[in-house]
Amino acid sequence: SFKVAIIGRPNVGKSTLFNRLAGRKLALVDDTPGVTRDRRSHAAKLYDLHFEVIDTAGFEDAAPSTLQGRMRAQTEIAIQEADLIFFMVDAKAGLLPDDTTFAGIVRKSGKPVVLIANKAEARGAQGGMLEAWELGLGEPVPFSAEHGVGLPDLRDAVVEALGADRVFGEEDEDDGEIAASDVLIGEDIADPDAEEVPAYDENKPMRIAVVGRPNAGKSTMINALIGEERLLTGPEAGITRDSISVDWQWRGRPMKLFDTAGMRRKSRVQEKLERMSVQDGLHAVRFAEIVIIVLDATIPFEKQDLQIADLIIREGRAPVIAFNKWDLIDHPQAVLAELREKTERLLPQVRGIQAVPVSAETGRGLDKLMEAVVRTHRVWNSRVSTGKLNRWLETILAHHPPPAVAGRRLKIKYLTQAKTRPPGFVVSCSRPDAVPQSYVRYLTNSLREAFDMPGVPIRMALRTSD
Ligand code: GDP
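Reading guide: rules and limits
Residues numbered from 1 in each chain as written. Predicted model: local features only at pLDDT ≥ 70, side-chain atom pairs only at ≥ 80, totals over all residues. Helix = DSSP H or I, 4+ residues; strand = E, 2+ residues; numbered from the N terminus. Buried ≥ 20, exposed ≤ 12 C-beta atoms within 10 Å, placed from the backbone. Contact = placed C-beta atoms within 7 Å. Pairing = 2+ DSSP bridges. Right-handed = clockwise from strand over helix to strand, strands pointing away. Axes fitted to C-alpha atoms, helices over the stretch in contact; angles between N-to-C directions. Expected span 1.5 Å × (residues − 1). Arc of directions from axis to C-beta.

A. Representation of the overall build of the chain in the model. A tally of regular secondary structure across the chain gives 15 helices and 15 strands. When each of the 466 residues of the chain is scored for burial, the buried share is 42%. Considering only contacts in the chain between residues 6 or more positions apart, those separated by 24 or more positions represent 72%.

B. Focus on the pairing of strand β11 (residues 318-324). Burial within β11 is extensive, with seven of its seven residues counted as buried. Burial along β11 is two-sided: the face carrying Ala318, Val320, Ala322 and Asn324 and the face carrying Pro319, Ile321 and Phe323 are both buried. Two strands pair when backbone bridges link them, and strand β10 (residues 290-296) and β11 are joined in this way by seven bridges, in the parallel orientation. What sits directly across from Ile292, in β11, is Val320. In the classification by handedness, the crossover that spans β10, the intervening helix α11 (residues 303-314) and the parallel β11 is right-handed.

C. Main features of the sheet that holds strand β15 (residues 459-464). Spatially, β13-β14-β15 is the arrangement adopted by the three strands of the open sheet, whose pairing is mixed. Each having just a single partner strand, β13 (412-419) and β15 make up the two edges of the open sheet. For this sheet, the mean angle separating the axes of adjacent strands, direction not counted, is 25°. Bridge analysis of strand β14 (residues 424-429) against β15 gives six bridges, and the strand direction is parallel. Counterpart to Val427 in the pairing with β15 is Leu462. Strands in contact with helix α4 (residues 125-132) are β13, β14 and β15; relative to β15, the strand with the most contacts, it is inclined by about 135°.

D. Structural view of helix α3 (residues 97-109). Its 13 residues give α3 an end-to-end C-alpha distance of 19 Å, which sits within 8% of 18 Å, the value for a rise of 1.5 Å per residue. Of the positions making up α3, those classed as buried are Asp99, Phe102, Ala103, Val106, Arg107 and Ser109. Looking down the long axis of α3, one finds its buried residues gathered within 150° of arc, a one-sided arrangement.

Honestly, that's just the spatial picture; any functional story needs more than this.
Given below as structure tokens:
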């Protein structure tokens, strides 16, 4: 079993969630004012997951003079005890300085985190959702503790954060394997610069994951890229688990390649590996900035390929496609045109995605692939100034204004870029709820073209202007 601490500033909805998980109908109400409760843990249930939840509710009842210090101390203790943190923010209220403070404590702990954006059902919560990304704690799970919305996603996020073995208590014989969650999540989150400094930094290793179906050629490609036989390919693949990530350089630029199923020693239970392969890819994706999706060009775009692509995009990572085994293709020009057309059609969320034919075996095309990776990384990090955005918005609104809804004009006031990695924008408008999806898509696509941001996910949130 594992322990979960619910952390967040006062009033974000921690107690409501606690009570839901602990299966209690009423909030734990203490009638005596100013009495602080001890932390205690309760058995909690979330569908098929059973764990303990540490009660940190009630800290805010502390005497005002001691509130800050006490909460902080209690929070730190709770975090220390926990195996997993539920970090809760209020999407309706948006980020407050206290959120950032608490998030800092959580990040420093290096513990796995699930970021919960509560009150996501509220009007105007989208802006808060988008802001939540800036905490650098990963993708926020949209949630409503009050209405119980988002519980299935929360369950999945727990499994993802801790790994299925840990969650379901499958006792892994200690075979010296390094669990991805042990090392990398900590490394990722403990690095305060990881997400907070959005500036593009050429000297920081670019984090790349190589994913794809078994036999697509991932291991062959990684070998070719790092130029050493550090990894073994073929049916007897037997790599030691040391290299959960590999550091290397491309044209003098530091790169870090993350673990995928292809880099792993084939598991003692082959069947389990097959079952886990998408899950494995998912792990690597979380650590990566850029994800190379390796497709076998002779059998491209199987269902699993699209699942992986979809996951990468939802995680906000930047995908680059490698059409591998190009040496086996007979009419390369025609096939490439066809495959690129298909790519655009199947992945409209990342219009302009880089898709490069390669042969991992001969090494052909790998330089082009890496150029595409670097280019995409740059776009993923890009920032457009508010001035430029709004000059652009003016011309857009002049030529293609939003439709009137029920006789009332929708007013779009301004546009700002709230985040990078991937680019995220906030549209301030008179009635966010009334803006049709098709218009949001139109804005997104035009923005992508105007500011040359091909191939990366772009997030767009609507917010009421005051
Ligand atoms: P992984 O499971 O994705 O890591 O795939 P591997 O790297 O183990 O490759 C699977 C098989 O495809 C191996 O037999 C490789 O030799 C072969 N392969 C990989 N890349 C290429 C390529 O570019 N061209 C050809 N013809 N075969 C390749």
